Amino acid sequence: MLRSALGLTEQGMRNFKRGVFFCTLANLMLFAPIGILFLLVNDFMNHLVNGAELPQLAPYVAGVAAILALIALTQWLEYRNTYGPVYEESARKREGIAEHLRRLPLSFFGRRDLADLTNTIMKDCADQERLFMHVVPQLFGTGISTGIAIVCVLAFDWRLGLAAFWPVPVAFAFMGLLMGLVRRKVEAKERQRLVMADGVQEFLDCAQEIRATNQSEAFLGGLGGKLDEMERRMVASELATGATISSAQAFLKLGIASTVLAGAGLIVAGQVDFMTYFAFLLVVTRVYDPVNVVLQSTAELAEMRHSIKRTNALSAERPMTGATSFAPQGHDLAFEDVSFSYNTGEQVLSGVTFTAREGEVTALVGPSGSGKSTVAKLAARFWDADGGRVTLGGVDVSGVDPETLLSDYAEVFQDVVLFDETVMENIRLGRADATDEEVLAAARAANCDEFVRRMPQGYATRIGENGARLSGGERQRISIARALLKDAPVVLLDEATASLDVENETQVQAALSRLLAGKTVIVIAHRMRTVMSADKIVVLKEGRVAEQGAPAELMSREDGLFRRMAELQGAAADWTV
Ligand SMILES: Nc1ncnc2c1ncn2[C@@H]1O[C@H](COP(=O)(O)OP(=O)(O)OP(=O)(O)O)[C@@H](O)[C@H]1O
C-alpha cells in the first residue's frame, strides 16, 4: 500500500525503510546535547543553591564529544541509506519504465501525447529522485523522532507537554484543510507545463512548415500566451503553498508563549521546579524545527503525489504479451474476417479476409484512408484486431510475443527512421550480430554502396539526426539494406511514392527485387508496375475488401473496380495504384 503510494520497487521500499530508520536515529541523537546541557545546568544549580561541589567539566566535554561522534555516525548512515540507494532506485525505475514501454501496444502511444510521456520519463523520475533524496525519508524520520520526543516529554510532565505541543496537531489540521487547494494549484500548474511542452515540441516539429507559411509570428504569439499562463499558474501554486506553510508554521510559535505562561503559573503554584521548567524551555526551542521541516515537506508531497500518480498510471498500462516459442507451418499470412478500430472508435477495417501466400507478392491498393497501412500494422501485431484473426503459418499472431513475432518480419516503410549513428550501424539495426562484411554485402545488394562511398567517411559517416543529410531514395535504400540483412520470411513494404527520381527509383526497384525473392510480401503499392507484376491484388475500399485476385483476372472483369481504377488512373488521383 505505502510502497505503491510512494511508487517504489520492492528493493526501493527496503532501502527507504532503512533510510527512515537512520534518519529517525540521527534526529533523536540531535536531542542528546540538550540532555547534556540540562545535566550541566542542574549540577551548577545544585552547586549554587545547595552548596554542592562545583561540577567537573571533563565528563561533560567527553559526553559532548561522544555525542557529536554518534551524530556524525548516524548522519553518515542516513546519508548512505538514502542518497546512494535513491540513485539506484531511480535507475531501476527508469529501466522499468523503458522495459514496460517496449512492451506496450502502439495504441498506447496513440492515446498519450509524446510531450506528456517524455515529461513522465524525464521530469517525474527526476522529481521523485530529488524528493526521495532530500525530503521523503527526512519527512518520515523527522515525523517519527518528533513523535517519540513528544511522548517522552508528555511522560515527563504532561501539563507542560500539552502547553508546548498543542499547536502541533492544530498546525497539521490546518495544513490538512488547505492541502486540497494546494494540490489543485499544483496540478493546474503541471497541466499547464504539459500544454507548454506540447507547444514547444509542436514548434520544433513543424519549424519548416511554420516558416514556409509565414506563421512564425502567430505561432510564437500563441506560445507566448501559453508561457504567460504557465507563469500565472506557477505564481498561484507557489502562493498557495507558501501561504499555507507559513500560516501553519506561525501556529507553532504560540507553543513557546503558552509554555512560558503555563510554566510560570506552575512554578508560582509550586507544582513544578525551576529545572523542569528550564528543561521544557530548552526542548521547546529545539522541537519546533523538525516540525517546521515536516510541514514544509508535506507541501512538497503534494507535488510528488502528482508525479507518482503519473508514473504509476504508466506502469499500470497492460503490455502486449504472448508465447515466446513460435513454430508456424510455413509463412502464409492470413486475415480472417478481421475488424479493427483505433482509439477514436471509428471502424477502420470490417470483415477483411485474404491470404498473402509465401513466395508471392500481395499488393494492397485502394484510396487514401481505405486501411492499407492499418492492414500492414495488424499483420505485424503492432496492434491487435478487435474481431476475427490474423494468422502467420496458421498461428494466431495475437497469441505470440510481439518481439518473437517481429523476428519473422522485415519492414520497409516510407517514413524510414534513421538514427544519428554511422551508416554501418544504421544498417546493422537489421541484425545486431551481423559482421561488417555482412553489412557491406547487404548495402551493396540494396544499391547503397555508391552513395555511401561518396560520403566523407564512407560507412563510418554519421548521418545526422534522423538521416537529415540523405535523400528520400537513399534513406529507403538503407532501410532495404536493413531488411536484406535481417532476411526475415515476411516482408511488409510501403512503396515510396513519386518523391523518387528516375535513377533512384530504378536503384530502389533493383534492390527490392533482391529483397522480396521467395518471401511472403505485402506491399502497399503506389506504382502501376508493382501492382501489375504482383501475384495478387487486394483492393480495399472504406476498410473492406472490394475485390481480390491476380492482376490479369481483375483486369478481365468487365465492370470490375480494379479495372475501372486502372483505366481511370490518370483521372482518379486519390486512388493509389
Ligand atoms: N494511429 C491512428 N489513430 C487513429 N486513426 C488512425 C490512425 N492511423 C490511421 N487512422 C485512420 O484509419 C483510417 C485508415 O488509415 P490507413 O493509414 O490505414 O489508410 P491508408 O489506406 O494506408 O491511407 P494512405 O494511402 O493515405 O496512407 C484513416 O481514416 C485514418 O485516419
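About the criteria used
Residues numbered from 1 in each chain as written. Predicted model: local features only at pLDDT ≥ 70, side-chain atom pairs only at ≥ 80, totals over all residues. Pairing = 2+ DSSP bridges. Helix = DSSP H or I, 4+ residues; strand = E, 2+ residues; numbered from the N terminus. Buried ≥ 20, exposed ≤ 12 C-beta atoms within 10 Å, placed from the backbone. Arc of directions from axis to C-beta. Contact = placed C-beta atoms within 7 Å. UniProt positions renumbered as here; feature names shortened; annotations may be inferred. Core = buried A, V, L, I, M, F, W, Y, C linked by C-beta atoms within 7 Å. Near = placed C-beta within 6 Å. Nonpolar A, V, L, I, M, F, W, Y, C, P; charged D, E, K, R; others polar.

(A) Layout of the sheet that holds strand β2 (residues 347-356). Strand order across the open sheet formed by four strands is β2-β1-β4-β5, with antiparallel pairing between neighbours. Both outer strands of the open sheet, β2 and β5 (395-396), are each paired with one neighbouring strand and no more.

(B) Spotlight on helix α16 (residues 436-445). Among the residues of α16, those classed as buried are Val-439, Ala-442 and Ala-443. Take α16 and look down its axis: the buried residues cluster within an arc of 100°, on one side only. Contacts from the buried residues of α16 go to α15 (423-428), α17 (449-453) and α18 (472-486). Two residues or fewer after α16 comes Asn-447, characterised by a positive phi angle close to 60°.

(C) Representation of unusual backbone geometry in the model. Phi at Asn-447 takes a positive value of approximately 60°, unusual for a residue other than glycine. Checked against the element boundaries, Asn-447 lands in the loop between α16 and α17. Among the residues examined, Asn-447 registers 22 C-beta atoms within 10 Å and is labelled buried.

(D) Quick look at the environment of Leu-154. Checked against the element boundaries, Leu-154 lands in helix α7 (residues 136-156). Taking the C-alpha atoms as reference, Leu-154 lies 9.5 Å from Ala-164; in sequence the two are 10 residues apart.

(E) Quick peek at the UniProt feature "transmembrane region" (unreviewed entry) in the protein. Within this numbering scheme, the UniProt entry marks residues 20-41, 57-77, 131-156, 162-182 and 250-268 as carrying the feature "transmembrane region" (unreviewed entry). Strand forms 0% of residues 20-41 and helix 91%; the C-alpha atoms that close the span are 33 Å apart. Between the end C-alpha atoms of residues 131-156 there is a gap of 35 Å, over a span that is 96% helix and 0% strand.

(F) Main features of the nonpolar core. One finds Leu-364, Ala-481, Val-491 and Val-523 to be the most contacted residues of the largest nonpolar core, which totals 71 residues. In terms of residue count, α18 provides more of this core than any other element does, six residues in total. If we ignore the near neighbours within four places in the chain, the residues touching Val-491 are Ala-410, Ala-483, Leu-515, Leu-516, Lys-519 and Val-521. Core analysis: the second largest hydrophobic core is formed by 45 residues, Phe-16, Leu-160, Val-291 and Val-294 among them.

(G) Representation of the site of the ligand within the structure. Taken together, 13 residues lie near the ligand, and Tyr-342, Ser-368, Lys-372, Ser-373 and Thr-374 sit nearest. It is helix α13 (residues 372-379) that provides the largest number of residues to the shell around the ligand, a total of three residues. Its residues assigned to classes, the shell around the ligand comprises two nonpolar, 10 polar and one charged.

(H) Molecular detail of the pairing of strand β3 (residues 361-367). With six of its seven residues buried, β3 lies for the most part within the structure. When β3 meets strand β8 (residues 520-524), the two strands line up parallel, connected through four bridges. Residue pairing across strands places Ala-363 opposite Val-523, the latter belonging to β8. Pairing of β3 with strand β9 (residues 536-541) involves four bridges; the strand directions are parallel. Residue pairing across strands places Leu-364 opposite Val-538, the latter belonging to β9.

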